[in-house]
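Breakdown of the fold
Letter by letter, the chains look like this.
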Amino acid sequence: MNFAFRRHLKFLLLIVAVIVIGLSVYYFTQNLDSHINTDIQGRLANTTDYISNYYKLKLEGELSVLETLAFCAAKEEDMASSEILRVNMLDVQLVSNYFSVFAIDKNGKDITADGKPLTFDSSEYLQRALNNERGISDLIIDRRTYKKAVILYTPIVDEEEIKGALCAYTTFESFNSSVHISTYDKMVNSYIIAGDGEVIVSPDMGRISIFKNNFFSYLADSSICGSDTIVDNFKRGEEGFFCFEHKDNSHYAYYKPLGLKDWYTICEVPQSYVDQEFNTIRNIAMSLFIGLAIAFLLILIFIIIAERQSNRELQKTNEELRINDMRFKMLTSLSRDVIFEWDLEKDSIIFPNGPNKRILYQPIEKGFPEKAVEEAHVHPEDGAKFIRFHRDIPDDMEKITGEFRLRERGDKFIWCRFEERLIRDEKTGKVVKVIGWIVDIDKQKKKLEMLELKTRIDSGSGLYNKLSTELQVKECLKKYARDRHAMIVVDIDDFKMINDKKGHLYGDQVLSDTAKVLKLCFRETDILGRIGGDEFMILIKNIESEISVAYKAAKILRYINNVHNVTASAGIAIYPEDGESFEELYHNADLAMYQAKSQNKNRYVFYNELDDD
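These lines cover the structure that appears in this document, whether it is placed above or below. All values derive from a computational prediction rather than experimental measurement. (Residues numbered from 1 in each chain as written. Predicted model: local features only at pLDDT ≥ 70, side-chain atom pairs only at ≥ 80, totals over all residues. Heavy atoms only, no water.)

A look at the environment of Phe 99
Along the chain, Phe 99 falls in the loop between helix H2 (83–95) and strand S1 (100–105). When the C-alpha atoms of Phe 99 and Ala 168 are compared, they prove to be 7.6 Å apart, with 69 residues separating the residues in sequence. Those residues within four positions of Phe 99 in sequence are excluded, and the remaining contacts are Gln 93, Arg 144, Tyr 169, Thr 170 and Thr 171. (Helix = DSSP H or I, 4+ residues; strand = E, 2+ residues; numbered from the N terminus. Contact = heavy atoms within 4.5 Å.)

In C-alpha cells, the structure reads:
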C-alpha cells in the first residue's frame with residue numbers, strides 16, 4: 001500500500017512541476033515587453049557613461065603627447081631660434097594626425113614646425129596657457145581651407161615659470177577619425193555634440209549617421225515628443241532618455257554630459273535590433289518549456305519501465321556483485337598502481353597486487369592511518385593532513401582524493417595521489433570499507449612546481465612577480481638582442497607615509513590601481529612586473545625612439561597622479577646603450593629613478609642624463 005502511494009505521489013509531483021514551469025514561462029513571455037524600455041535605458045546609460053570616460057581618457061592621451069613636447073621646449077633658452085624644438089615638433093606632426101604643431105612664446109610670437117605662418121589668431125591659446133590651462137578649443141573655421149578645425153593647447157612651464165604655449169592644430173576630419181570610439185555593442189551609434197547642438201563626432205564610415213550637422217536642428221525638424229525638454233536638459237547639463245522615428249524606423253537614444261566643456265555624449269540604437277534580441281530570449285523561453293515538457297514525459301515513461309523491471313533487477317544483484325568482485329581482482333592483478341582495501345570495522349588493510357616496487361619497507365596492515373604516520377611512512381609535514389584526510393570524511397562524499405609524500409627508501413620521499421572510493425552502510429550511512437589507489441605522481445608534481453615557480457603572478461597586482469619578471473626580461477634580451485628596448489623602473493613617492501597616514505588597505509589599493517594603469521598604458525607584448533613593495537618594472541620591447549619612451553613615462557606618471565593624487569618617480573635605461581644584461585639595465589634604471597627622486601620627485605630621468613646633472 002505504501003509502495004503504491006509513493007509511486008502515485010511521484011507522478012503527481014511531476015505533473016505539478018510541469019504545470020508550474022508552464023505557468024512561469026507564460027508569465028515570463030507576457031511580461032517581457034514591459035521590461036524592454038527599462039532594460040534598454042539602463043544599458044544605453046551604461047554605454048554612454050563608458051564612451052564618455054573612454055573619450056576623455058583618449059583626449060588626455062593626446063594632451064600628454066603635447067606635454068612631453070612642452071617639457072622639452074621648456075629647456076630651450078630661446079624657443080624662437082631653437083632648431084631642436086622645430087625638429088621635435090615636426091617629428092610629432094609627422095607621426096600624428098595633427099595638421100600643424102606650433103609653439104607660442106610669452107611675447108605672442110608663433111613658432112611653427114614647418115616655418116609657415118598660422119591662418120588664425122593664436123593669442124587666445126597663449127592667454128589660456130599663461131593662466132596655466134590645458135585643453136581643447138571650440139570648433140573653429142580655417143580661413144585658408146574653410147574647414148572645421150580644433151586646437152589642443154598646454155602651457156610650457158620651466159621651474160614654475162610659464163614661458164608660453166604648445167599647441168596642435170588639426171582639421172575636423174582628422175580629429176574625428178583619431179578620437180572616434182566604437183562601442184563594445186556594434187549596433188549602438190555614438191555621437192559627441194557641442195553645447196550649441198553642433199555634431200563634433202559621428203559614427204564610423206560605413207555606418208548610418210542620423211544626426212548630420214546640428215542635433216538641435218534635427219530636433220526642430222522632427223516630431224519628437226518632448227524635444228523642448230531635451231534642449232532644456234542640454235542647457236542645464238542634465239541627462240535623459242528619449243525615443244524617436246527616423247525614416248519609418250523607431251530608435252532609442254540616451255544623452256549625458258561628456259564632462260568636457262559643454263559637450264554631450266549621445267548613444268542611439270534601432271528598435272529593430274532591440275526587438276530581435278528580446279525575440280531571441282522569448283524563443284529561448286518557449287524552447288526551454290517544450291524541452292522541459294518532453295524531458296518530464298520521458299521521465300514518466302522511464303519511471304513506469306523502471307518500476308516494472310525493479311523486481312528482476314533485484315534478482316540479478318547478487319550475481320552482479322559476484323562478477324564485479326571477480327573483475328576487481330583481475331584489474332588489481334594487472335594495474336601498476338598500488339591498490340588497497342581498507343576495512344574500517346576490522347581495522348585491517350590489504351594490498352591485492354602487493355606494494356609498489358619503489359617502496360622497500362613492509363606496508364601497514366593494522367592501525368591505519370595513524371600507524372603509517374608514526375612509523376614515518378608519510379612525510380612529517382603531511383602527517384596531520386594524512387590522518388584528517390582518512391578520518392574527517394564528509395557525509396555526502398562517494399570519492400575522496402588527496403596528494404601526500406610517501407617514504408620511498410631511506411629519507412627520500414615521493415609524491416603520491418590517493419584516490420579512494422567509499423563504501424557505506426545502507427542503514428547508517430557510515431563508511432565501512434575503502435577501495436583505494438596509490439598513484440606515483442612524483443615526476444609530474446615536481447615538474448608542475450617548477451613551472452609554477454617560473455610563471456607565478458604577484459597576487460597583489462596581477463603582474464609578474466620579481467622572479468618571473470627577471471626571467472621574462474632575460475629571455476627577451478636573449479631572443480631579441482639586436483633590437484632596442486627600454487627598461488623603466490617606477491617607484492611610488494613617499495609610499496611609507498601613505499601607509500602610515502591612510503592605512504595599508506589604502507596603500508594596497510594604490511598599488512593595485514598603479515598596476516591597472518600600467519596595463520592600460522602598455523602593449524600586451526611588453527613585460528610588466530612588481531619587483532618590490534611599491535616598485536614596478538616595465539620593459540618596452542622594440543622601441544622606435546627615446547621620445548616615445550618619454551611620452552610613455554610621462555603618461556603613466558600623470559595617470560598614477562590622477563587616480564589617487566599620489567606621485568611616482570621613474571628611471572629609464574635603454575638597451576643596449578645603457579646595459580646589455582638584465583643586471584646592468586636594472587642597476588642603471590634604478591640609479592636614474594633615485595636621481596628623479598632627488599629632483600623633487602614626480603618626474604622621470606634617463607640614465608644617459610646623469611652625467612649632465
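Some remarks on the packing of helix H13 (residues 504–521) against helix H14 (residues 546–564)
One can describe the packing of H13 onto H14 by two numbers: an axis separation of 10 Å at closest approach and a directional angle of 145°. The way H13 lies across H14 gives a crossing that is right-handed. Facing H13, whose interface residues are Tyr 506, Gln 509, Val 510, Asp 513, Thr 514, Val 517, Leu 518, Leu 520 and Cys 521, H14 presents Lys 552, Lys 555, Ile 556, Tyr 559, Ile 560, Val 563 and His 564. Grouping the constituent residues of the contact of H13 with H14 by class yields ten nonpolar, three polar and three charged. (Axes fitted to C-alpha atoms, helices over the stretch in contact; angles between N-to-C directions. Left-handed = near helix turned anticlockwise from the far one by under 90°. Nonpolar A, V, L, I, M, F, W, Y, C, P; charged D, E, K, R; others polar.)

Description of the environment of Trp 263
Note that Trp 263 resides in the loop between strand S10 (249–257) and strand S11 (264–270). Its relative accessible area of 2% is what places Trp 263 among the buried residues. As a C-alpha pair, Trp 263 and Gly 237 span 26 residues in sequence and 9.3 Å in three-dimensional space. Those residues in contact with Trp 263 that lie beyond four places of it in its chain are Tyr 55, Ile 136, Ser 137, Ile 192, Ile 193, Ala 194, Gly 195, Ile 200, Pro 257 and Leu 258. (Buried < 20%, exposed > 50% of the residue type's maximum accessible area, 1.4 Å probe, protein only.)

Overview of the side chain of Arg 407
With respect to the element layout, Arg 407 can be found in strand S14 (residues 399–409). Residue class for Arg 407 comes out buried when judged on its relative accessible area of 18%. From its side chain, Arg 407 meets the backbone oxygen of Ala 376 in a polar contact 2.9 Å long. (Polar contact = N/O pair within 3.5 Å; in protein donor to acceptor, adjacent residues only side chain to side chain.)

Quick look at the layout of surface pockets
By volume, the largest pocket is sized at about 1,500 Å³. What lines the largest pocket is a set of 38 residues, among which Glu 67, Phe 71, Val 157, Asn 602 and Arg 603 lie closest to the centre. Elements that contribute at least two residues to the lining of the largest pocket include exactly helix H1 (2–74), strand S5 (148–158), H14 and strand S21 (604–606). Looking at the lining of the largest pocket, the element that brings in the most residues is H14, giving eight residues. Of the residues that constitute the lining of the largest pocket, the class distribution is 14 nonpolar, eleven polar and 13 charged. Counted as a void, the second largest pocket has a volume near 1,000 Å³. Taken together, 37 residues line the second largest pocket, and the ones lying closest to its centre are Val 65, Val 95, Ser 548, Tyr 551 and Lys 552. Elements represented by at least two residues in the lining of the second largest pocket include exactly H1, H2, helix H4 (172–179), H13 and H14. Counting residues per element, the lining of the second largest pocket draws most heavily on H1, at eight residues. Classifying every residue of the lining of the second largest pocket by side-chain character gives 19 nonpolar, nine polar and nine charged. (1 Å grid on protein atoms, 1.4 Å probe; cavity = no way out; pocket = protein on both sides within 12 Å on 5 of 7 lines; lining within 4 Å. Points joined across faces, edges and corners; volume = space filled by probe spheres on them.)

With respect to a nonpolar patch on the surface
Side chains of Ile 290, Ile 294, Leu 298, Ile 301 and Ile 305 sit close together on the surface and give an oily, nonpolar patch of about 450 Å² of accessible area. Its place among the elements puts Ile 301 in helix H7 (residues 271–334). Overall, Ile 301 belongs to the partly exposed group, its relative accessible area being 41%. (Patch = residues over 30% accessible without salt bridge, like charges linked within 9 Å, V, L, I, M, F, W, Y side chains within 5 Å. Areas by Shrake-Rupley, 256 points an atom, 1.4 Å probe, with all protein chains shown as cover. Salt bridge = Lys/Arg side-chain N within 4 Å of Asp/Glu carboxyl O.)

Let's talk about the nonpolar core
Counting residues in hydrophobic clusters, the biggest one holds 33 residues, and the most contacted among them are Ile 488 and Phe 522. When contributions to this core are tallied by element, the ones reaching two or more residues are strand S17 (485–492), helix H12 (495–502), H13, strand S19 (535–540), H14, strand S20 (568–575) and S21. Top element by residues in this core is H14. It accounts for seven residues. Residues contacting Ile 488, with those up to four places away along its chain left out, are Phe 522, Phe 536, Met 537, Ile 538, Ile 540, Val 549, Ala 570, Gly 571 and Ile 572. (Core = buried A, V, L, I, M, F, W, Y, C linked by side-chain atoms within 4.5 Å.)

Regarding the pattern of salt bridges
Any two side chains of opposite charge can pair, so long as their charged atoms come close to each other. Across all of its chains, the model carries 28 salt bridges by this definition. We note a salt bridge from Glu 470 to Lys 474, for which the minimum N-O separation is 2.8 Å. Linking Glu 470 with Lys 474, this pair stays in helix H11 (residues 466–479), spanning four residues, or about one helical turn. The exposure class of Glu 470 is partly exposed, given its relative accessible area of 22%. On the basis of relative accessibility, which here comes to 35%, the residue Lys 474 falls in the partly exposed class. A salt bridge links Glu 583 to Lys 474; the shortest N-O distance between them is 3.3 Å. Of this pair, Glu 583 sits in helix H15 (residues 582–598) while Lys 474 sits in helix H11, and the two are 109 residues apart along the sequence. By sharing partners, the salt bridges in this structure join Glu 60, Glu 67, Arg 134 and Arg 558 into a single network.

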